[in-house]
Amino acid sequence: MVLVPCYNEETTVFQVVSDFRKYLPDAVVYVYDNNSTDNTVRRALDAGAIVRQESMPGKGNVVRRMFADIDADFYILVDGDATYDAAAAPEMLALASGNGLDMVNGARVSTATTAYRPGHVLGNKIFTLLVRSVFGKRISDILSGYRVFSRRFVKSFPALSSGFETETEFSIHALDLRMPIGEIRTRYFERPTGSQSKLNTWKDGFRIMALIFNLIKLERPLVFFSTVAVVLLCLSLMAGMPVIIGWLHTGLVPRLPTALLATGFIILSALSFTCGLILDVVYLARTEAKRLAYLAQPSPTLYDTARSLTAMDLVASN
């Protein structure tokens, strides 16, 4: 199945649907319209797509609806803005099905200077570096909107986001459950004339950053609260050391408010570390539940061990 979330993409949706029907002739293309006010629906129907509606605004809400509605062995998710290369879809699908992968990420490679806005490039690098440093280094482009998913991924994905931050949630979900994943470098094109990006650099950037920190808090509570504890401990030492030094020299504590401030910081530091320890146990229970939900789904049905081994032997022999 090819899933295309769309909002006011009348300029590009016909090309997107046509290209994927060309390179994946056996696939069914679903376009989910998100309250478009132009001719997106008509253009998608003309191209041969099945069109459905999602009234709740935001890409995350559309993805949640698509994943709930559609049942398939593999899902190809792509934006409807004609910036992703449909010719890469067969290779991505073959990698997923031939190796039993739950996600294949299309890492964007662009030669056009106008395809990526400078703010988007910087933001993507920062977010990717942050996620890779906390959750693992198996994905190089966490904000890509071009991916292949298995049924196991889709039916175990919580889909908590409502907007463009859903791509980050994809990446962290796969990394946190240590799913078998892959990545293929794909061409990234600039938007055709007349097509406008719906992504707001600052607004959506802050939403993505907030999601990353929230997921770090939820999925790595001991790391998160220990970091907070260390910061509070350092503040306590900065405020308390002059008081301690003065007491050692004079036996007096003339800065009582500063001493109380330092004491408050160190108490908060201890509480933060304790919260981290408790929430880490809760996280383990949540991870077990998510893992069981993941394992409750059948493995990719197109996965063929013998075929994969043969392909690997051919590569090795060359």
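Residues numbered from 1 in each chain as written. Predicted model: local features only at pLDDT ≥ 70, side-chain atom pairs only at ≥ 80, totals over all residues. Heavy atoms only, no water.

What follows is about the UniProt feature "transmembrane region" (unreviewed entry) in the protein. Here, UniProt's "transmembrane region" (unreviewed entry) annotation points to residues 222–248 and 260–285. The annotated region residues 260–285 carries 100% helix and 0% strand content, and the separation between its end C-alpha atoms amounts to 38 Å. (UniProt positions renumbered as here; feature names shortened; annotations may be inferred. Helix = DSSP H or I, 4+ residues; strand = E, 2+ residues; numbered from the N terminus.)

Another point: the packing of helix H3 (residues 59–69) against helix H7 (residues 166–176). For the pair H3 and H7, interaxial distance at closest approach is 9 Å and the crossing angle is 55 degrees. By the angle between their directions, the pair H3 and H7 is classed as oblique. Side by side, H3 and H7 meet where Lys59, Gly60, Val63 and Phe67 of the first sit next to Thr166, Glu167 and Phe170 of the second. (Axes fitted to C-alpha atoms, helices over the stretch in contact; angles between N-to-C directions. Parallel < 35°, antiparallel > 145°, perpendicular 65-115°, else oblique. Contact = heavy atoms within 4.5 Å.)

For the rest of this paragraph, the subject is the nonpolar core. Leu3, Met66, Phe67, Phe149, Phe153 and Phe170 are the most contacted members of the largest nonpolar core, which has 36 residues in total. Sorting the residues of this core by element identifies strand S2 (29–33), H3, strand S4 (74–77), helix H5 (118–135), helix H6 (151–156), H7 and helix H8 (201–219) as the ones contributing at least two each. The greatest single-element share of this core, amounting to five residues, is contributed by H8. The next biggest cluster of nonpolar side chains, apart from the first, holds 29 residues, and it includes Cys6, Val17, Val29 and Leu101. (Core = buried A, V, L, I, M, F, W, Y, C linked by side-chain atoms within 4.5 Å. Buried < 20%, exposed > 50% of the residue type's maximum accessible area, 1.4 Å probe, protein only.)

We now examine the packing of aromatic side chains. Taken as a whole, this structure holds 13 aromatic pairs when the rule is applied. Ring centres of Phe149 and Phe153 lie 4.5 Å apart, and the angle between their planes is 20 degrees; this geometry places the pair in the stacked category. Accessibility assignment for this pair places Phe149 and Phe153 in one class, buried. (Phe/Tyr/Trp six-rings, centres within 6.5 Å; stacked < 30°, edge-to-face > 60°.)

What follows covers unusual backbone geometry. For Ala159, which is not glycine, the phi torsion reads 50 degrees and is therefore positive. Relative to the elements of secondary structure, Ala159 occurs in the loop between H6 and H7. Look at Arg178: it is not a glycine, yet its phi comes out positive at around 55 degrees.

With that settled, consider the sheet that holds S4. Read across the sheet, seven strands follow the order S3-S2-S1-S4-S6-S5-S7 without closing on themselves; strand pairing throughout is mixed. Edge strands, defined here as strands with exactly one partner in the open sheet, are strand S3 (50–53) and strand S7 (181–187). Averaged over neighbouring strand pairs, the angle between their axes works out to 25 degrees when direction is ignored. The sheet contact formed by strand S1 (residues 2–6) and S4 spans two bridges and is parallel. When the bridges of S4 are listed, Val2 appears paired with Ile76. Lying on the sheet, helix H4 (residues 89–99) is in contact with S4, strand S5 (103–109), strand S6 (147–150) and S7; it crosses S7 at an angle near 170 degrees. Across the sheet, H7 lies against S4, S5, S6 and S7, angled at about 45 degrees from S6, the strand it touches most. (Pairing = 2+ DSSP bridges.)

Let us look at the packing of helix H9 (residues 221–250) against helix H10 (residues 256–295). When two helices pack together, their arrangement is given by the angle between the helix axes and by the axis-to-axis distance. Axis separation between H9 and H10 bottoms out at 8 Å; the angle between their running directions is 165 degrees. Classed by the angle they form, the pair H9 and H10 counts as roughly antiparallel. Of the two elements, H9 crosses H10, and the hand of that crossing is left-handed. Grouping the constituent residues of the contact of H9 with H10 by class yields 20 nonpolar, seven polar and one charged. (Left-handed = near helix turned anticlockwise from the far one by under 90°. Nonpolar A, V, L, I, M, F, W, Y, C, P; charged D, E, K, R; others polar.)

Tallied over the full model, the rule gives 14 salt bridges. Across the salt bridge formed by Glu167 and Lys59, the nearest N and O atoms sit 2.4 Å from each other. Of this pair, Glu167 sits in helix H7 while Lys59 sits in helix H3, placing them 108 residues apart in sequence. Here Glu167 falls in the buried class, since its relative accessible area comes to 5%. In this structure Lys59 comes out as buried when scored by relative accessible area, which is 9%. Where Asp71 meets Arg151, a salt bridge forms, and the shortest distance between an N and an O atom there is 2.5 Å. Placement of Asp71 in the loop between H3 and S4 and of Arg151 in helix H6 is noted, with a sequence separation of 80 residues between them. (Salt bridge = Lys/Arg side-chain N within 4 Å of Asp/Glu carboxyl O.)

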